[in-house]
Each structure stands twice: as structure tokens, then as C-alpha cells.
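Structural overview
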Amino acid sequence: MKNILWEIYNSIKVSDFDHHNTANDNWFKYYNLNSEDDVNDWISYTNVKFPPHLYKNKIVVDMGCGWGLFSILAYLQGASRVFAIGPDNRIDFLEKIISDNSISDRITTIKKYLDTNTQKILNKKVDVIIGNEFIEHLTSTQRINFYRIAFESLVDKGILLLHTHNTDNKKVLKRVKMHWEKQENKIYIKMREELISNQCKELDTKQKRALAEVTFGLNKDEVIKASLQYLKDKKFPQKDFNKCSIDPESGIPDENYISPEVIQAEMLAAGFSTHVYPWFGFFSLGRILRSIASLLPFVFFRQIVESITFYGVKD
């Protein structure tokens, strides 16, 4: 199985499917998985977060599936059917992998992010919904709607598994903010500058750039509104450092910071009985500490661990 996963992804170039990423490395090397041993470690890591026995012979939704690595792993480890849901370019990538490897019998791809107007994720009930580093890409309103939709989509005793980084850990929060800065300088400032240029042609290059920088954390409509307001009063909007970096076109947050206590409270409010499993590594000691910590209040480890899995059951 592990060799299969390596072989499936090893020849793929991210740049063929994501115009923002122009590196010529293959998919694994782009994400610092430089050898088959690294991939084996990733599988071990993932199997601690999302134990295969929870989804073997079950219908699984991989919410925000990204490049599809977990969807393929769930398929290989015995899920009866996997529904991989994600944005267009990522799904195009996954569909090519599925086609090239003739594994379409149990994997279905769906091109969408999150339709909060729907009552269910699919037109059928599912056993397990998994979000691997997904929840941090939702706004607070989207999160609340997602929990509601997930609850309605699951069978009785169905499971919602979410894994996310712990931004109560100062080191993690610092790393997240560095990621925002990288994304801003690489992609988002330029995207906002293009929006402003199209809407406010009378502004000079310097003004457009300045506006693009201070509209950090705003979506397309908010950027345009702020730009039109600047034309009226020549006052730059106040940059809100409590916002996270977002894709201005889609409005999708980029690595949002949310306290795990907030996520747990939101899941409980949606009707899930919820357990928190902090991440201490996938070796034996890490697994033991994870089991012990799951029995303790979150306050005991909130400043220590770097990521957390939330295990919710529809009771």
C-alpha cells in the first residue's frame, strides 16, 4: 500500500494544476516528502489522527480534500466509498490521478468548497466526515453552518473528525502569521491590486499598492468598497490585524487562527459529543500521551501541543 501511494504521486507536478505554484518539483518534494520513508511516516502520522478502523467499510467524506492524498489513502485502507470534496484545480489534479490509476470504483470527486445554503453535504447519509486542516479555512459563520450540515449528513452515531493546528501555542501562531506574510507577498497583495486597478483606474500605482496592502484580510467586495471609499475621502482603511490573510476572490481564509476551545464549544453546540486528542507524535510515547491527555481538560496542554484532532459523534 505504501509503495502504491508513493508511485501514484511521485511523478505529478503541482505546477501543472496550480498556476500560483511554478516549482518543477514533483508533488511529494514540493511538500517536503523527499523519500518513500517520508511518505511512510506521513501515513503513520495520518493513521494516528484518523485511525483506519473508524472508516474501514464505511462511507467517508474527505471535506476540503486538497490534493487528494488522504482520499487515496482512505481508499487503499478499505473505505467502502470516498467522496472527495474540494476546489476546482485540486479536484482536476485528483481526477487525473484517479483516471491514470484506474481507481474510480470507490472514489467520487465533487468540485465545490462549502455550500452553506444546503441541508446536507450529499443527497445521502454518510458514516464519517473528515476534515484534515480544513476547519481553519472557514470563517466563523461558515464553521457554524458546516457543523450543522455535517450533523444532518451523518448517520446516527456517525463520526466527525477534524484535525487542525493549535494557535493557542505561540510558536504555531507565529508560524501561521509568517505563512500569511508569505502568501500576502506572493499572491494576495497582487490580487487585491488588480481588483483595485480595475475598479479605480484614476488612482496612481503608488496609491493602488498602498490600498492593496492595507486591505489585508478583506474579500473582493470589501476591497472594492474600501477602494471606492478612498476615492471619496482619500483616507486609507484601518488595517485590521485581528483578521487573517484570505483569498480575496473566494473569500476563503488562509490558515485562520481559532482557539481549539472555540471549536470544541461549537461542535458541542451543534449536537456532537466531542473529545479532544492533542498531537504528541505518532511513536508509542506520543500515542500514550495522546490517550492520557484526551481525558484531561484542554487547559492542561493548550500551550504545549502544536495540533489537535477533534472527535465528534452524532448522538
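Every value quoted in this text rests on a predicted model; they were computed, and no experiment measured them.

With that settled, consider the nonpolar core. Formed by 38 residues in total, the largest nonpolar core has its most connected members in Leu5, Tyr9, Trp42, Tyr55, Ile72 and Ile130. Among the elements of the structure, helix H1 (2-9), helix H3 (36-49), helix H4 (69-76), strand E2 (81-86), helix H5 (88-100), strand E4 (126-132) and strand E5 (154-165) are those that each provide at least two residues to this core. Top element by residues in this core is H4. It accounts for six residues. The next biggest cluster of nonpolar side chains, apart from the first, holds 30 residues, and it includes Ile135, Tyr147, Phe272 and Phe301.

Moving on, we come to the pattern of salt bridges. All told, the structure shown has ten salt bridges when counted by the stated rule. Linking Arg143 and Glu266 is a salt bridge whose minimum nitrogen-to-oxygen distance equals 2.8 Å. Of this pair, Arg143 sits in helix H6 (residues 140-153) while Glu266 is found in helix H10 (residues 260-269), placing the two residues 123 residues apart along the sequence. Assessed through its relative accessible area of 12%, Glu266 is described here as buried.

At a minimum axis separation of 8 Å, helix H7 (residues 170-199) and helix H8 (residues 205-214) run at an interaxial angle of 125 degrees. With respect to their mutual orientation, H7 and H8 come out oblique. Between H7 and H8 the crossing geometry is right-handed. Together, Ile189, Arg192, Glu193, Ile196 and Ser197 of H7 and Thr205, Lys208, Arg209, Leu211, Ala212 and Glu213 of H8 make up the contact between the two elements. In terms of residue class, the contact of H7 with H8 is built from four nonpolar, two polar and five charged.

Looking now at the sheet that holds E5. Consider a sheet: its strands pair through backbone hydrogen bonds, and that pairing is either parallel or antiparallel. Taken together, seven strands build an open sheet; the order of strands is E3-E2-E1-E4-E5-E7-E6 and the sheet is mixed. In this open sheet, the two edge strands, each paired with only one partner strand, are strand E3 (107-111) and strand E6 (272-278). Mean inter-strand twist for the sheet, computed between neighbouring axes without regard to direction, equals 15 degrees. Both strand E1 (residues 59-63) and E2 contribute to a ladder of five bridges, which runs parallel. Along E2, the bridge assignment pairs Ile59 with Arg81. Along the sheet, H5 contacts E2 and E3; its crossing angle with E3, the most-contacted strand, is approximately 160 degrees.

With that settled, consider H3. Compared with an ideal rise of 1.5 Å per residue, which puts 14 residues at 20 Å, H3 spans 20 Å between its outermost C-alpha atoms and is within 8% of the ideal. Residues of H3 that are buried: Val39, Asn40, Trp42, Ile43, Tyr45, Thr46, Asn47, Val48 and Lys49.

Position of Asn169 relative to the elements: it lies in the loop between E5 and H7. With residues near it in sequence (within four places) discarded, Asn169 still touches Arg302, Gln303, Ile304, Val305 and Glu306.

Rules behind the numbers
- Residues numbered from 1 in each chain as written.
- Predicted model: local features only at pLDDT ≥ 70, side-chain atom pairs only at ≥ 80, totals over all residues.
- Heavy atoms only, no water.
- Core = buried A, V, L, I, M, F, W, Y, C linked by side-chain atoms within 4.5 Å.
- Buried < 20%, exposed > 50% of the residue type's maximum accessible area, 1.4 Å probe, protein only.
- Helix = DSSP H or I, 4+ residues; strand = E, 2+ residues; numbered from the N terminus.
- Salt bridge = Lys/Arg side-chain N within 4 Å of Asp/Glu carboxyl O.
- Axes fitted to C-alpha atoms, helices over the stretch in contact; angles between N-to-C directions.
- Parallel < 35°, antiparallel > 145°, perpendicular 65-115°, else oblique.
- Left-handed = near helix turned anticlockwise from the far one by under 90°.
- Contact = heavy atoms within 4.5 Å.
- Nonpolar A, V, L, I, M, F, W, Y, C, P; charged D, E, K, R; others polar.
- Pairing = 2+ DSSP bridges.
- Expected span 1.5 Å × (residues − 1).

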